[in-house]
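Next come the chains, spelled out residue by residue.
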Protein chains: 2
Amino acid sequence: MIGPKTPVLAVLCGDQHPPDMKTIESVAEVRYSGEEGLADALRGADALFVYDFLSTAVPAAWHAADKLRWVHIASAGVDPVMFPELRASDVVLTNSRGVFDDSIAEYVLGVVIAFAKDLPGSLDLQRQSRWQHRESERVGGRRALVVGTGPIGRAIARLLRAAGLKVSGMGRRAREDDPDFGTVHPSADLVRHLPEFDYVIAVAPLTEQTKGMFDATAFAAMKPVARFVNVGRGELVVTSDLVTALREGRIAGAALDVFETEPLPSDHPLWTLDGVLVSPHMSGDFVGWRNTLVEVFADNFERWHTGRPLRNVVDKQLGYVPSGH
Amino acid sequence: MIGPKTPVLAVLCGDQHPPDMKTIESVAEVRYSGEEGLADALRGADALFVYDFLSTAVPAAWHAADKLRWVHIASAGVDPVMFPELRASDVVLTNSRGVFDDSIAEYVLGVVIAFAKDLPGSLDLQRQSRWQHRESERVGGRRALVVGTGPIGRAIARLLRAAGLKVSGMGRRAREDDPDFGTVHPSADLVRHLPEFDYVIAVAPLTEQTKGMFDATAFAAMKPVARFVNVGRGELVVTSDLVTALREGRIAGAALDVFETEPLPSDHPLWTLDGVLVSPHMSGDFVGWRNTLVEVFADNFERWHTGRPLRNVVDKQLGYVPSGH
């Protein structure tokens, strides 16, 4: 029933509207908007669903948010909405924690095995119809460092351990008895610990503390046989330093699903460097992910609409959902 | 000490001799031979080490084996030496069971994830510097049938289960409580069970019973979205039926490490068919595999030389080492 007290929900989306919104449309006024019309949509809106989670249009439209109480983003990373006005406001921010965990973990294990077994080399030779036997690396027993101890990092750690790798974590707080990681090293010791690992996986949230943490110093500290995997955010890396490290053979390879600039420009050196696997920010996007994202939002919407506590509330000072919440 | 009672060991190898043979050379007369000189090497030899495990030269030289008591082959599959004269003889046959298990299992999990996440598609797009987002499949929850319940099949089953797949086995004897497979279906029911699986992995020993078991009827029974993985022997498959099934989209793809003819001829359609991953019989060959093969042989040689029971004795009627031996 839509009536005078009907809540107003703005939805930031591209041409593709979110699926499965019928239930929400039956209890709220839903305003679908692209980046252009966002200010108009926000005027008088009670809530904002950032379905186009890569958009950076929210800050410019924020001035129109005169009644907004809640923002939900259809991603795990909340960096696109971490602008000072939202952080300073009373608006509650929630994210889509949990949706992508297992699927990103599968992608990470896949690229680890692809490196070890040289699947790209086999595909290259196959294109030339060339039979050329090579020896390959074992996966079991190799050491992996997962930088980022949120739910995606935990899923990665569990899956890599299940496949026989020796895994450690890196997070804000050092500990020895983590159920998923065993040892968690403190982020401040990154460079000291990097030489121990065959695979280094970046999945930390993007914050002022983590921005550019993988720089020339970090790549120089890695083993020359190490591979770097980024399923977090492109800005965790100083991209030019990564390109140099790969060119000079300071590390053996990289699997990159995220980039400082997306789409990755077609003339960027990362497309063609030896040992690099580029994928277009898709590691978590399993068939059905859009429906699952809307399910997560719809669950929170139902809670919000009935006055119950929201799930996945972001600590706007930390820039992510603290564990245990 | 080499003396009159010194045993004579013939070693069938190519240009590349096995490594680490010094200890054996100190107690035996070792005759390294290619395929050409094998009959001469066998004359008066007590034992034969088939280091060149893909060679089919043993049957033609067998007439010269006048003193032979033991043959050891540097592979898990013993089909190259399963000719009638050896089977009918008192010569003991041993294999290299165990060496390749974990490494082949890693390869299988790698191609399963590569299919699910479309890594070949990402590499294709990368070569064109094209950013094209796609949705990918989950691995967790998918169903895999491992056809072959020897140690390699068991390692595959354990690793796929660890990665979240639902695994069943197929072997001679049906059972419900297998520690690695849970349910093992009997081979006679292959076609009846094939429709249940997303991944079908062939790792059975090549025998008269298993030869050509994956034929047009089998491929027609699989799901159109299913992928076939062969890490056993090429002859388990009717290759022309597999080509037809792939061409007509009766199955979605195949990862093939073994072929009826090896090397796979450069004009063979399997090199270029959509959805096919070709690798050159290397799935088990981790860095160090040759040394490990010689260690396994050296352990058995030491047992043989000191009159202790040999490991990995092949049941020459079955064509493999029965489990529990």
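These numbers come from a predicted model, not from an experiment.

A.B. asks: Can you explain the pairing of strand β10 (residues 199-202) of chain A? Please cite residues and give values.
C.D. replies: Residues and elements named next belong to chain A. Of the two faces of β10, the one lined by Tyr199 and Ile201 and the one lined by Val200 and Ala202 are each fully buried. Here strand β6 (residues 143-147) runs beside β10; their pairing, made up of four bridges, is parallel. Each bridged residue has a counterpart across the sheet, and for Val146 the counterpart in β10 is Ile201. In the sheet, β10 pairs with strand β11 (residues 227-230) via four bridges, with the strands oriented parallel. Its bridge partner being in β11, Ile201 is matched across the sheet by Val229.

A.B. asks: Residue-level account of the sheet that holds strand β8 (residues 175-178) of chain B, with values.
C.D. replies: All names here are of chain B. As summarised here, the arrangement of the eight strands in space is β8-β9-β7-β6-β10-β11-β12-β13, forming an open sheet in which the pairing is mixed. Looking at which strands have only one partner, the edges of the open sheet turn out to be β8 and β13 (276-278). The average angle at which neighbouring strand axes cross in this sheet is 20 degrees, direction not considered. Packing against the sheet, helix α5 (residues 101-117) makes contact with β10 (199-202), β11 (227-230), β12 (253-256) and β13, and its axis sits at approximately 155 degrees to β12.

A.B. asks: Could you give an account of the domain arrangement of chain A, with specific residues and numbers?
C.D. replies: All names here are of chain A. Along its sequence, chain A is carved into domain 1 (8-98 + 287-305) and domain 2 (101-278). On a C-alpha basis, the centres of domain 1 and domain 2 stand 32 Å from each other. The interface of domain 1 with domain 2 comprises eight residues on the first partner and six residues on the second. In terms of surface lost to domain 2, no three residues of domain 1 exceed Asp79, Arg97 and Gly98, which account for 65% of the buried area on that side. Linking domain 1 with domain 2 are one salt bridge, by the criterion used here.

A.B. asks: Explain the nonpolar core to me, using residue names and the numbers behind them.
C.D. replies: Counting residues in each nonpolar core, the largest one holds 168 residues, and the members touching the most others are Ile156(A) and Ile156(B). Setting aside residues no more than four positions away along its own chain, Ile156(A) makes contact with Ile104(A), Ala105(A), Val108(A), Val146(A), Ile201(A), Val203(A) and Val231(A).

A.B. asks: Mind laying out empty space enclosed by the protein, listing which residues take part and the relevant values?
C.D. replies: Counted under the stated rule, the structure contains five cavities of 30 Å³ or more. Looking at the largest cavity, its volume works out to about 170 Å³. For the largest cavity, the lining is made up of 22 residues, of which Leu119(A), Leu123(A), Leu119(B), Pro120(B) and Leu123(B) are closest to its centre. Those elements that place two or more of their residues in the lining of the largest cavity are α5 (101-117), α6 (119-127) and β13 (276-278) of chain A together with α5, α6 (119-127) and β13 of chain B.

A.B. asks: Residue-level account of the sheet that holds strand β1 (residues 8-12) of chain A, with values.
C.D. replies: All names here are of chain A. The strand order across the open sheet formed by five strands is β2-β1-β3-β4-β5, and the pairing between neighbours is parallel. Pairing within the sheet leaves two strands with one partner each, and these edge strands are β2 (29-33) and β5 (92-94). The mean angle between the axes of side-by-side strands here comes to 15 degrees, regardless of whether they run parallel or antiparallel. Pairing of β1 with β2, which is carried by five bridges, proceeds in the parallel orientation. Across the sheet, residue Leu12 finds its bridge partner in β2, namely Ser33. Across the sheet, helix α11 (residues 289-305) touches β1, β3 (47-50), β4 (70-73) and β5, and the angle it forms with β4 is around 165 degrees.

A.B. asks: So, the packing of α5(A) against helix α7 (residues 151-162) of chain A: which residues are in play, and what are the values?
C.D. replies: All names here are of chain A. The contact between α5 and α7 brings their axes to 8 Å, and the two run at 45 degrees. On the basis of their axis angle, the class for α5 and α7 is oblique. Considering only the axes of α5 and α7, their crossing is right-handed. Packed against α5, whose contacting residues are Asp101, Asp102, Ile104, Ala105, Glu106, Val108, Leu109 and Val112, the element α7 presents Pro151, Ile152, Ala155, Ile156, Leu159 and Leu160 at the interface. Residue classes in the contact of α5 with α7 are distributed as eleven nonpolar, no polar and three charged.

A.B. asks: Help me get a handle on the environment of Pro59(A), residues and values and all.
C.D. replies: Residue and element names in this part refer to chain A. Mapping Pro59 onto the fold places it in helix α3 (residues 58-61). A relative accessible area of 34% means that Pro59 is categorised as partly exposed. With 25 residues separating them in the primary sequence, Pro59 and Pro84 have C-alpha atoms 8.9 Å apart.

A.B. asks: Tell me about the pattern of salt bridges, and please be specific about residues and values.
C.D. replies: Overall, the coordinates contain 40 salt bridges over all chains when judged by the stated rule. The salt bridge involving Arg127(B) is made with Asp124(B); its shortest N-O contact spans 2.1 Å. Of the two residues, Arg127(B) and Asp124(B) both sit in helix α6, three residues apart, roughly one turn of that helix. By relative accessible area, Arg127(B) is classed as partly exposed at 43%. With relative accessibility at 37%, the residue Asp124(B) sits in the partly exposed group. One salt bridge connects Arg154(B) with Asp178(B), and the closest N-O pair in it is separated by 2.9 Å. Separated by 24 residues along the polypeptide, Arg154(B) in helix α7 (residues 151-162) and Asp178(B) in strand β8 bring together distant segments of the chain. There is no split in this pair, since Arg154(B) and Asp178(B) are both buried. Overlapping salt bridges, with partners in common, bring together Arg154(A), Arg158(A), Arg175(A), Asp178(A) and Asp180(A) in one network.

A.B. asks: Can you break down the pairing of strand β9 (residues 182-186) of chain A residue by residue, with the values?
C.D. replies: Along any regular strand, the residues point their side chains to alternate faces of the sheet. All names here are of chain A. Sheet topology places strand β7 (residues 166-171) next to β9; three bridges connect them, and they run parallel. Counterpart to Met170 in the pairing with β9 is His185. Two elements, strand β8 (residues 175-178) and β9, share two bridges in a ladder whose sense is antiparallel. Note on β9: the bridge partner recorded for Arg175 is Val184. Taking the residues between adjacent antiparallel strands as the criterion, β8 and β9 are bridged by three residues.

A.B. asks: Give me the lowdown on the UniProt feature "domain: D-isomer specific 2-hydroxyacid dehydrogenase NAD-binding" (unreviewed entry) in chain A, citing residues and values where you can.
C.D. replies: Mapped onto this numbering, the UniProt entry annotates "domain: D-isomer specific 2-hydroxyacid dehydrogenase NAD-binding" (unreviewed entry) at residues 110-283 of chain A. Between the first and last C-alpha atoms of residues 110-283 of chain A the distance is 10 Å; the span itself is 28% helix and 20% strand.

A.B. asks: Give me the lowdown on unusual backbone geometry, citing residues and values where you can.
C.D. replies: Residue and element names in this part refer to chain A. The omega torsion of the bond from Glu262 to Pro263 falls at -5 degrees, within 30 degrees of zero and hence cis. One can find Pro263 in the loop between β12 (253-256) and β13. Phi is positive for Asp20, close to 60 degrees, though the residue is something other than glycine. Mapped onto the elements, Asp20 comes out in the loop between β1 and α1 (22-25). In this structure Asp20 comes out as partly exposed when scored by relative accessible area, which is 49%. A positive phi is found at His281, a non-glycine position, where the angle reads about 45 degrees.

A.B. asks: Explain the side chain of His72(B) residue by residue, including any values.
C.D. replies: Residues and elements named next belong to chain B. When you line up the elements, His72 lands in strand β4 (residues 70-73). Look at His72 and you get buried, because its relative accessible area is 0%. A polar contact of 2.8 Å, which involves the side chain of His72, links it to the side chain of Thr94. Look past the residues within four positions of His72 in its chain and what remains in contact with it is Leu48, Phe49, Val50, Thr94, Asn95, Ser96, Val296, Phe297 and Asn300.

Thresholds, definitions, all that
- Residues numbered from 1 in each chain as written.
- Chains lettered and ligands numbered in written order.
- Predicted model: local features only at pLDDT ≥ 70, side-chain atom pairs only at ≥ 80, totals over all residues.
- Heavy atoms only, no water.
- Buried < 20%, exposed > 50% of the residue type's maximum accessible area, 1.4 Å probe, protein only.
- Helix = DSSP H or I, 4+ residues; strand = E, 2+ residues; numbered from the N terminus.
- Pairing = 2+ DSSP bridges.
- Axes fitted to C-alpha atoms, helices over the stretch in contact; angles between N-to-C directions.
- Contact = heavy atoms within 4.5 Å.
- Domains from an automatic or database assignment.
- Buried area = accessible area lost by both parts, 1.4 Å probe.
- Salt bridge = Lys/Arg side-chain N within 4 Å of Asp/Glu carboxyl O.
- Core = buried A, V, L, I, M, F, W, Y, C linked by side-chain atoms within 4.5 Å.
- 1 Å grid on protein atoms, 1.4 Å probe; cavity = no way out; pocket = protein on both sides within 12 Å on 5 of 7 lines; lining within 4 Å.
- Points joined across faces, edges and corners; volume = space filled by probe spheres on them.
- Parallel < 35°, antiparallel > 145°, perpendicular 65-115°, else oblique.
- Left-handed = near helix turned anticlockwise from the far one by under 90°.
- Nonpolar A, V, L, I, M, F, W, Y, C, P; charged D, E, K, R; others polar.
- UniProt positions renumbered as here; feature names shortened; annotations may be inferred.
- Polar contact = N/O pair within 3.5 Å; in protein donor to acceptor, adjacent residues only side chain to side chain.

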